[in-house]
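Listed below, chain by chain, are the residues.
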Amino acid sequence: MALVEELRAALGPNAVLTDTDVTAAYQRDMMPLAPFGTPLAVVLPTTTEEVQAVVRACAAAKVPIVPRGAGSGLSGAANAVDGCVVLVTTKMNAILEIDADNRLAVVEPGVINLDLRGAVEKNGLFYPPDPSSYDWCTIGGNLSTNAGGLCCVKYGVTTDSVLGLEVVLADGELLKTGRRTVKGVAGYDLTKLFIGSEGTLGVITKATLALRPLPQAPVTLVAAFTSTEAAGAAVSAVVREGLVPSLMEIMDRTSIEAVELYLKTELGAGPGCAALLICQSDAGVEVGMRELAVIEQLCTNAGAELVYATEDVSEGRDLLTARRAVLTALEVYGAWLTDDVCVPRTRIAELIAGCERVSADVGLRVAVVGHAGDGNMHPTIVYDPTSEDEFARARKAFDDILSIGLSLGGTVTGEHGIGKIKREWLEREIGPVGLRVHRDLKRALDPENLFNPGSMFSAHEAAADNTAH
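Here goes a summary of the coordinates provided. (Residues numbered from 1 in each chain as written. Predicted model: local features only at pLDDT ≥ 70, side-chain atom pairs only at ≥ 80, totals over all residues. Heavy atoms only, no water.)

Here the focus is the overall build of the protein chain. In terms of helices and strands, the protein chain carries 16 helices and 19 strands. Taken over C-alpha atoms, the radius of gyration comes to 22 Å for the protein chain, in line with the 23 Å a tight globule of 469 residues would show. Here the C-alpha coordinates of the protein chain stretch approximately 70 × 55 × 40 Å along the principal axes. Put simply, 72% of the contacts in the protein chain that link residues at least 6 apart link residues at least 24 apart. A total accessible area of about 19,200 Å² is found for the protein chain, and carbon and sulfur atoms account for 52% of it. The distance from the centre of the 39 positive side-chain charges to the centre of the 60 negative ones in the protein chain is 4 Å. (Helix = DSSP H or I, 4+ residues; strand = E, 2+ residues; numbered from the N terminus. Rg over C-alpha atoms; globule rule 2.2 N^0.38 Å. Contact = heavy atoms within 4.5 Å. Areas by Shrake-Rupley, 256 points an atom, 1.4 Å probe, with all protein chains shown as cover. Lys, Arg positive; Asp, Glu negative; His and termini not counted. Charge placed at Lys NZ, Arg CZ, Asp CG, Glu CD.)

Quick look at the structure:
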């Protein structure tokens, strides 16, 4: 209680929550499999100085801190541990600067992704990262998980749009990384070290973000295939041709059927459609339609039964609405558990086929949707959350899909992160030497294991490391 009183003195009584009925809402993110605990308190600072005060108070009391944004994550990276302080950054939601001449913005971590995109658009600029939860996820959460989105094929993930950060370290000091210039190679790239670190190294309190000129209104293509192999061949052909559409998404049969049922509309795929490919170009109508004409021919050559291209913005928006609605649509059948594997683009069809085998093996519906342009797939398992047996089978399917992804030369996470659900998979992917280097960095920056213990690495491993050193 001494720590709680110190936090109230630093932040004000309304910014420190201890009622368990209230703090329960901050215990976990959107990943149902990840473990979570009961926090001692939840704090909502509004300034960097208040974040520093929280970190110093918790460090003195040896109480762990779990940084958290909106809670839209899908890896358990923001999940509380017993007795921790959950540090929520959503009240730090100011867009501090938009510098149109230098194409950059300076923001606090609680800014909503979509709000930032709307604000810079008024200046003729564009912030590319667009996670599917972009209407409620925060920039701080995007930074912590190195979030991706539908536009990654052309614009990359979050780290590709970041110039610099301000981060509160474990001793309460404020570290400034990066720059405001287009180029800069002075010293280690500490900015990229903190992006994707899932709150295990510090608390991000400010970010300088690179912006791009606002793209032209997109033109859109949809192609329907009777087999996933044909759709995969089309994706490979697009990549081989050197085309870089602003978006290239794939939906399997299960995803299509769920969305059509949920939206009460037909996507035009037809009853025999096994996969739907959605592409966009934001290069302008004339150039974009020429680009889509090439993609149309490649899809036809690969065996597409239907290919349709349009410059109608509303039609394109409707198709993307259907794509973004997949997870919500699957709730028609039950609760969902979404995976996040990335494979070489030439092996997307093999991953989808593997997911079909997993579905048959565990007796649960598995829908596959994802970013075909970069190979990042989101197989989603549907199960009855009231059934322990189905939950266990869903967990088995989740792990089996990760194994398939690695066997195809892929990675266990393309954009959701490791968090508290894929800790054992991190070592499988990067090996013992890679894991040792990760833990050495963690120990150097956070010697008391203050920040987000148990995320990325298990808590007992981190404790053993600290004891040994």
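Additional details are given in the paragraphs that follow.
Counted by the stated rule, this structure contains two aromatic pairs. A ring pair is formed by F126 and Y155, whose centres lie 5.3 Å apart and whose planes are at 75°; its orientation type is edge-to-face. Taken together, the positions of F126 in strand β7 (residues 125–126) and Y155 in helix α6 (residues 152–155) put the pair 29 residues apart, joining distant regions of the chain. Ring plane angle 65° and centroid distance 5.8 Å describe the contact between Y383 and F391, whose orientation is recorded as edge-to-face. Its relative accessible area of 5% is what places Y383 among the buried residues. (Phe/Tyr/Trp six-rings, centres within 6.5 Å; stacked < 30°, edge-to-face > 60°. Buried < 20%, exposed > 50% of the residue type's maximum accessible area, 1.4 Å probe, protein only.)

Spatially, four strands are ordered β1-β2-β4-β3 in an open sheet, and the strand pairing comes out mixed. At either margin of the open sheet sits one strand with a lone partner, and together these are β1 (16–17) and β3 (65–68). In this structure, strand β2 (residues 41–43) lies alongside strand β4 (residues 85–88), joined through three bridges in parallel fashion. Following the sheet pairing, V42 is matched in β4 by V86. Those strands touched by helix α3 (residues 48–61) are β2, β3 and β4, and its axis lies near 170° from that of β4. (Pairing = 2+ DSSP bridges. Axes fitted to C-alpha atoms, helices over the stretch in contact; angles between N-to-C directions.)

Computed from the structure, the largest pocket encloses a volume of approximately 1,000 Å³. For the largest pocket, the lining is made up of 50 residues, of which S72, G73, L74, S133 and C137 are closest to its centre. Elements supplying a minimum of two residues to the lining of the largest pocket: β3, α5 (139–145), β10 (203–210), α11 (313–324), α12 (326–330), β16 (335–338), β18 (365–371) and β19 (376–383). For the lining of the largest pocket, the class distribution of residues is 18 nonpolar, 24 polar and eight charged. Within this model, the second largest pocket holds a volume of roughly 700 Å³. R117, F126, P218, Q280 and L320 are, among the 26 residues lining the second largest pocket, the residues nearest its centre. Counting residues per element, the ones that place at least two in the lining of the second largest pocket are α4 (113–121), β7 and α11. Top contributing element to the lining of the second largest pocket by residue count: α11, with six residues. (1 Å grid on protein atoms, 1.4 Å probe; cavity = no way out; pocket = protein on both sides within 12 Å on 5 of 7 lines; lining within 4 Å. Points joined across faces, edges and corners; volume = space filled by probe spheres on them. Nonpolar A, V, L, I, M, F, W, Y, C, P; charged D, E, K, R; others polar.)

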